[in-house]
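Single-letter residue listing:
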Amino acid sequence: GEDVEQSLFLSVREGDSSVINCTYTDSSSTYLYWYKQEPGAGLQLLTYIFSNMDMKQDQRLTVLLNKKDKHLSLRIADTQTGDSAIYFCAERQGGKLIFGQGTELSVKP
Amino acid sequence: GAGVSQTPSNKVTEKGKYVELRCDPISGHTALYWYRQSLGQGPEFLIYFQGTGAADDSGLPNDRFFAVRPEGSVSTLKIQRTERGDSAVYLCASSLDADTQYFGPGTRLTVL
């Protein structure tokens, strides 16, 4: 099938690290993405990783890819209240993106 | 620079009516994508264009849905005989290199 799966909720304290996990299904996916969606807003591209990489770091964001297990994670260091949002992982199949259901991240002060 | 824009931002219509949703991609982006996002779900792919032609329309749910991009820039998503189940946020994205898709703010469609 085409399911991309994520846990629905994550709650952390301000200043802690957040780790959002995702599993995907298509081993031939070339790119995997993380998008952020704030209430009432569109999708903001956060970062992406090519399938031949294991890790990508971009400021406070670290993406880890385990291709064998088809597992993708997004780590946000020093999580801030402004990071509260829904985070979607997506895999690219051909030209289209297949999205997970989204993980709602709640950051408590 | 300007991002992807979509109009209208909100559309309320009655069951059975026809609607058109417009997307203006980022200038110079050759690929344009339509997705639909229902409440509490991730976006679902509908169709994508490379230039003027539909490269993949496998996500269109039925023949009431149609999209055009006649000059390779602006695209219109058309929905005939709307049903209550069509209520969702319709998202448009554009891409220059097919590796990264940039999304617009969406059009919220409500069918009464």
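Please read all numbers here as calculations on a predicted model, not as lab measurements.

Visitor: Looking at this structure, how should I read the interface of chain A and chain B?
Guide: It is common to give the size of an interface as the accessible area that goes away when the parts come together. Listed as interface residues are 16 residues of chain A and, on the opposing side, 20 residues of chain B. Summing both sides of the interface, chain A and chain B together bury roughly 1,500 Å²; the carbon and sulfur share of this comes to 53%. The largest contributions to the chain A side of the interface with chain B come from L43(A), G95(A) and K96(A), which together make up 31% of the buried area. Across the chain A-chain B interface, the total number found is 1 salt bridge. Of the charged contacts in the structure, one is a salt bridge between R92(A) and D99(B), with a shortest N-O distance of 3.0 Å. Linking chain A with chain B are 7 residue pairs in polar contact (both at pLDDT 80 or more). Contributions of two or more residues to the side of chain A that touches chain B are made by strand 4 (31-37), strand 5 (43-50), strand 9 (85-93) and strand 10 (96-99) of chain A. Looking at the side of chain A that touches chain B, its residues break down into 9 nonpolar, 5 polar and 2 charged.

Visitor: I would appreciate a short explanation of the sheet that holds strand 7 (residues 61-66) of chain A in the present structure.
Guide: Where strands meet in a sheet, backbone hydrogen bonds hold them as pairs that are either parallel or antiparallel. Residues and elements named next belong to chain A. Spatially, the 5 strands line up as an open sheet ordered 1-3-8-7-6, and their pairing is antiparallel. Each of the sheet's edge strands pairs with one partner strand only, and the pair in question is strand 1 (5-6) and strand 6 (55-58). Sheet topology places strand 1 next to strand 3 (residues 18-23); 2 bridges connect them, and they run antiparallel. Within strand 3, the position partnered with Q6 by the bridge is C22.

Visitor: Can you help me understand the pairing of strand 8 (residues 71-76) of chain A in this one?
Guide: Within a regular beta strand, the side chains point alternately toward one face of the sheet and then the other, so they alternate between its two faces. Residues and elements named next belong to chain A. Both strand 3 and strand 8 contribute to a ladder of 6 bridges, which runs antiparallel. Within the sheet, the bridge partner assigned to C22 lies in strand 8 and is L72. As consecutive antiparallel partners, strand 7 and strand 8 are separated by 4 residues, and within that stretch K70 has a phi angle of approximately 55 degrees, a positive value.

Visitor: Help me understand the sheet that holds strand 1 (residues 5-7) of chain B, please; the structure alone is not making it clear to me.
Guide: Residues and elements named next belong to chain B. Reading across from one edge, 1-3-8-7 is the order of the 4 strands in this open sheet, with antiparallel pairing throughout. Each edge of the open sheet is held by one strand with a lone partner, namely strand 1 and strand 7 (65-68). The average undirected angle you get between the axes of adjacent strands in this sheet is 15 degrees. Judged from the 3 bridges that link them, strand 1 and strand 3 (residues 19-24) form a sheet pairing that is antiparallel. Residue pairing for strand 3: T7 is matched across the bridge by R22.

The rules we used
- Residues numbered from 1 in each chain as written.
- Chains lettered and ligands numbered in written order.
- Predicted model: local features only at pLDDT ≥ 70, side-chain atom pairs only at ≥ 80, totals over all residues.
- Heavy atoms only, no water.
- Contact = heavy atoms within 4.5 Å.
- Buried area = accessible area lost by both parts, 1.4 Å probe.
- Salt bridge = Lys/Arg side-chain N within 4 Å of Asp/Glu carboxyl O.
- Polar contact = N/O pair within 3.5 Å; in protein donor to acceptor, adjacent residues only side chain to side chain.
- Helix = DSSP H or I, 4+ residues; strand = E, 2+ residues; numbered from the N terminus.
- Nonpolar A, V, L, I, M, F, W, Y, C, P; charged D, E, K, R; others polar.
- Pairing = 2+ DSSP bridges.
- Axes fitted to C-alpha atoms, helices over the stretch in contact; angles between N-to-C directions.

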